[in-house]
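# A closer look at the structure
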Amino acid sequence: MTKTHIDPKASPRLTRRGMILGAAQLTVVGALGLRMHTMQIDEADTFRTMAEENRISMQLIAPPRGRILDRFGAVLADNRPTYQVTIVRERAGDAQKVLAHVQMILGLSDDNLRQILEEMADRSSFVPITVAKDITWDELSQISINAPALPGVSADVVLQRVYPFGTDFAHIVGYVGRANAQDVEDNDGNNALLAMPGFHIGKISVEKAEEASLRGTAGRLSVEVNAAGRVMRSLDQVPPVPGADLQLTIDHHLQNFTLARLAGQSAAAVVIDVQNGDLLACASAPTFDPNLFVDGISSKDYNALRDDPYRPLSDKVVQGAYPPGSVLKMSLALAALEGGQVSPDETVYCPGFVEIGGRRFHCWKRGGHGRINLRGALRESCDVFFYETARRVGIDNLHAMSARLGLGERPDLPLSGIASGLNPSREWKMQRYGKEWLIGDTINASIGQGFVLATPMQLAIMAARIASGKNVIPRLFKPQIASDLPGFTDMGLAPASLALVHAGMTDVVNAARGTAKSSRIVAEGQAMAGKTGSSQVFSITAAERAAGVRSQADLPWDRRDHALFTAFAPIAQPRIAVSVLVEHGGGGSLAAAPIARDLVLFHLNGGLPPVEAYPADQRGRMQTSLDELSASILPIDRHAQKERT
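The text that follows walks through the structure, step by step, so that each part is easy to find.

Scoring rules and cut-offs
- Residues numbered from 1 in each chain as written.
- Predicted model: local features only at pLDDT ≥ 70, side-chain atom pairs only at ≥ 80, totals over all residues.
- Heavy atoms only, no water.
- Pairing = 2+ DSSP bridges.
- Helix = DSSP H or I, 4+ residues; strand = E, 2+ residues; numbered from the N terminus.
- Axes fitted to C-alpha atoms, helices over the stretch in contact; angles between N-to-C directions.
- Core = buried A, V, L, I, M, F, W, Y, C linked by side-chain atoms within 4.5 Å.
- Buried < 20%, exposed > 50% of the residue type's maximum accessible area, 1.4 Å probe, protein only.
- Contact = heavy atoms within 4.5 Å.
- Lys, Arg positive; Asp, Glu negative; His and termini not counted.
- Salt bridge = Lys/Arg side-chain N within 4 Å of Asp/Glu carboxyl O.
- Polar contact = N/O pair within 3.5 Å; in protein donor to acceptor, adjacent residues only side chain to side chain.
- Left-handed = near helix turned anticlockwise from the far one by under 90°.
- Phe/Tyr/Trp six-rings, centres within 6.5 Å; stacked < 30°, edge-to-face > 60°.
- Lys NZ or Arg CZ within 6 Å of the ring centre and 35° of its normal.

### Some points on the sheet that holds strand β18 (residues 562-569)
The strands that make up a sheet are held in pairs by hydrogen bonds between backbone atoms, and each pair lies either parallel or antiparallel. The five strands are arranged β12-β11-β19-β18-β17 in an open sheet whose pairing can be described as antiparallel. Looking at strand neighbours, the two that pair on one side only are β12 (279-285) and β17 (529-535), the edges of this open sheet. When the angles between neighbouring strand axes are averaged without regard to direction, this sheet yields 5°. Pairing between strand β11 (residues 267-273) and β12: six bridges, direction antiparallel.

Here it is, written out as structure tokens:
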């Protein structure tokens, strides 16, 4: 047996290597242990949060939009629940395959599918994309049944804006629509909410002006999702804060009646409370259905509105600026009385024209009015009297009085595209045209022609200020406290000046020679005072005048004069002021004054007036008219009628 020889010097060398290797292993194990201790104990919260973020998704919850109400609580803008289907690309996996499955379930067209894919490509992968809106309960059930095969797809309940009164409040309330790029840019960084499927923001008028109040504050929902991106359970929720309800001063029954009364015409009408400035009706006709715009109006519907010669998309109440015609004579009368250029009993001879600066200016009455004083000139709207008055008063004083009455000023209202009109002055003409003001400019301005422009809203404000003698400011929102009456300042006009203009306006409607005598009210305590106006849209040439001016009825519609009428009622204690404009209506006494009378009577009676409120010789015709209107307006119950009066 061979005996193994062991070199005693080799053993120490092996031991050293083992020690080095063992030390290295111990170092690695120790480092790993230390790192595990750090991760599991010292940094446990951090890594737990990171893991949670991988399986927890945060979702915004859209707040319910605030409602818009009329002065009596009728809902003008509301929200209705509806179902919609959305998809999130980052959770869907093969989004095109998933959408093909959804297409089969919901019957989507290829065009719909293409639009969804294009939108998905344009948006971030985590942003939900709307696949279908306003789906039925059966379609919702099919989506839910097929949920395991539809990763990233959700069926949710959303609130959709609805306007119960349809066309009645389109220009006042406005409408909502999907946010566009400009809306996102203007939204101060709150873009995630605007990107939510089905979320809409205000586009015009009150819906847009009061967006901050109506929108509310979004809530948050934490949900657990699986590897496929499907929601497994809800973990935590912060509920949204609903938007605030807004109450307008508008009376929805009066608004409805006003539009019915303007039907078939291109027109506008305003009714304002002279005591507190409440706007009771603001109607522009024709109008449109704002519900068409909520989910995007079709090209066919939009083109029909855009191409209509009566311009239904335009709010003529505040956007339309028209020559006010003879309605401006009230401003000139007050300027002359306040400045002492005309006395109450002074008369001017009207032969039917006047020569000024080598030019002949005609009166509307070809044969003239003879000798006439200020009250008579208002009653019969004598142009020659006011030509002479304007020469004495001058444009500076006329401009100042018109400004006091609200002309040339843009009222502070939450409506879209408010025009300022034009109250011309010497300085304005020099800046605009680089030319001096001429006497002929003053003469034209004296009868509301030439450069002068006013909106129906401004003319209603003017009538309210003349009726009350105070600086009435219109308002569209009802105050929270019923007794919160604005403290309008006094205009500082002499009571005698106001009384004389009131008398002239009273005669316009109630005197035998008044230009609007056929629109008088005979009901006790309800009579109105007013002023007619007609503004030319085309100048009458000398040749046409020599040949005999054709009647308005013989002219094409777009060449006829605009018809205007402003009024206040009742005469003794004015409660409301009214302004009516009928585009190309021909004459204020024929087209605009009868409408104003009906609005006054409807408001004062809390509904359709009795036929006895009209002159006896008109009652048969008016009964037929009232019956027709009754069939086309909203019914008013007896309790509501008492509340309105």
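### Regarding the nonpolar core
In summary, soluble globular proteins display a tendency toward joint burial of nonpolar side chains. One finds Leu248, Leu279, Phe385, Met457 and Leu476 to be the most contacted residues of the largest nonpolar core, which totals 92 residues. Among all residues touching Met457, those that are not within four sequence positions of it are Val270, Leu279, Cys282, Val317, Val318, Pro411 and Leu413. Ala285, Val509, Val582 and Ile595 belong to the second largest nonpolar core, which has 43 residues in total.

### Digging into the pairing of β17
Burial runs high along β17: six of the seven residues are buried. Note: β17 against β18, seven bridges, orientation antiparallel. Following the sheet pairing, Gly533 is matched in β18 by Leu564.

### A look at the side chain of Arg597
By the element assignment, Arg597 lies in helix α23 (residues 588-605). Although Arg597 is buried, it makes no salt bridge; Asp598 carries the closest opposite charge, 4.3 Å away. At a separation of 3.0 Å, a polar atom in the side chain of Arg597 contacts the main-chain carbonyl oxygen of Arg520. Contact partners of Arg597, with chain neighbours within four places excluded, come to Ser518, Ser519, Arg520, Ile521, Met528, Tyr614, Pro615, Gln618 and Met622.

### Overview of the side chain of Arg71
Tracing the sequence through the fold places Arg71 in the loop between β2 (68-69) and β3 (75-87). There is a polar contact of 3.4 Å between the side chain of Arg71 and the side chain of Asp278. With residues near it in sequence (within four places) discarded, Arg71 still touches Gln247, Leu248, Thr249, Ile250, Asp251, Asp278, Leu280 and Lys478.

### Some details on the pairing of strand β15 (residues 359-362)
Looking at chain direction, strand β14 (residues 353-356) and β15 are connected through four bridges and run antiparallel. Among the inter-strand pairings, Val354 is bridged to a residue of β15, identified as Phe361. Connecting the antiparallel pair β14 and β15 is a turn made up of two residues, with Gly357 showing a positive phi of about 60°.

### Examining the packing of helix α4 (residues 95-106) against helix α6 (residues 137-145)
At a minimum axis separation of 10 Å, α4 and α6 run at an interaxial angle of 145°. Where α4 crosses over α6, the two elements pack in a sense that is right-handed. The segment α4 lies against α6, with Val102, Ile105 and Leu106 engaging Glu139, Gln142 and Ile143.

### Describing the packing of aromatic side chains
As enumerated under the stated definition, the model contains 12 aromatic pairs in all. Put simply, the rings of Trp428, Tyr433, Trp437 and Phe451 touch in pairs and so form one group of aromatic residues. The ring centre of Phe72 lies 5.8 Å from the NZ or CZ of Arg71, which sits over that ring. In this structure, Arg360 packs its charged tip against the face of Phe353, placed 3.7 Å from the ring centre.

### Comments concerning the pattern of salt bridges
Going through the model one piece at a time under the given rule, you end up with 25 salt bridges. Note that Glu119 and Arg178 form a salt bridge whose closest N and O atoms lie 2.2 Å from each other. With Glu119 in helix α5 (residues 110-122) and Arg178 in strand β6 (residues 176-178), this pair connects stretches of sequence that are 59 residues apart. Across the salt bridge formed by Arg360 and Glu355, the nearest N and O atoms sit 3.0 Å from each other. Residue classification places Arg360 among the partly exposed residues on the basis of a relative accessible area of 40%. Classification of Glu355 as partly exposed rests on a relative accessible area of 43%. Because the salt bridges share partners, they merge into one network encompassing Arg65, Arg161, Glu207, Glu211 and Arg215.

### So, the environment of Ala529
Tracing the backbone shows Ala529 in strand β17. Along the backbone, Ala529 and Ile571 are 42 residues apart, and their C-alpha atoms lie at a distance of 6.1 Å. If sequence neighbours within four positions are ignored, Ala529 has contacts with His502, Met505, Thr506, Val509, Thr566, Ala567, Phe568 and Ile571.

### Re unusual backbone geometry
Geometrically, the link from Ala285 to Pro286 is a cis peptide bond, its omega value of -5° lying close to zero. Note on placement: Pro286 falls in the loop between β12 and α13 (291-294). The peptide bond linking Ala569 to Pro570 adopts the cis configuration, its omega dihedral lying at -15°. Its location among the elements puts Pro570 in the loop between β18 and β19 (576-582). Of note, Ser205 is a non-glycine position whose phi angle comes to about 55°, a positive value.

### A look at the environment of Ala281
Turning to its location among the elements, Ala281 is positioned in strand β12. Judged by its relative accessible area of 0%, Ala281 falls in the buried class. When the C-alpha positions of Ala281 and Ile172 are compared, they lie 9.6 Å apart, and in sequence the two are 109 residues distant. Sequence-distant contacts of Ala281, defined by excluding residues within four places in its chain, comprise Ile250, Leu254, Gln255, Thr258, Ala269, Val270 and Val271.

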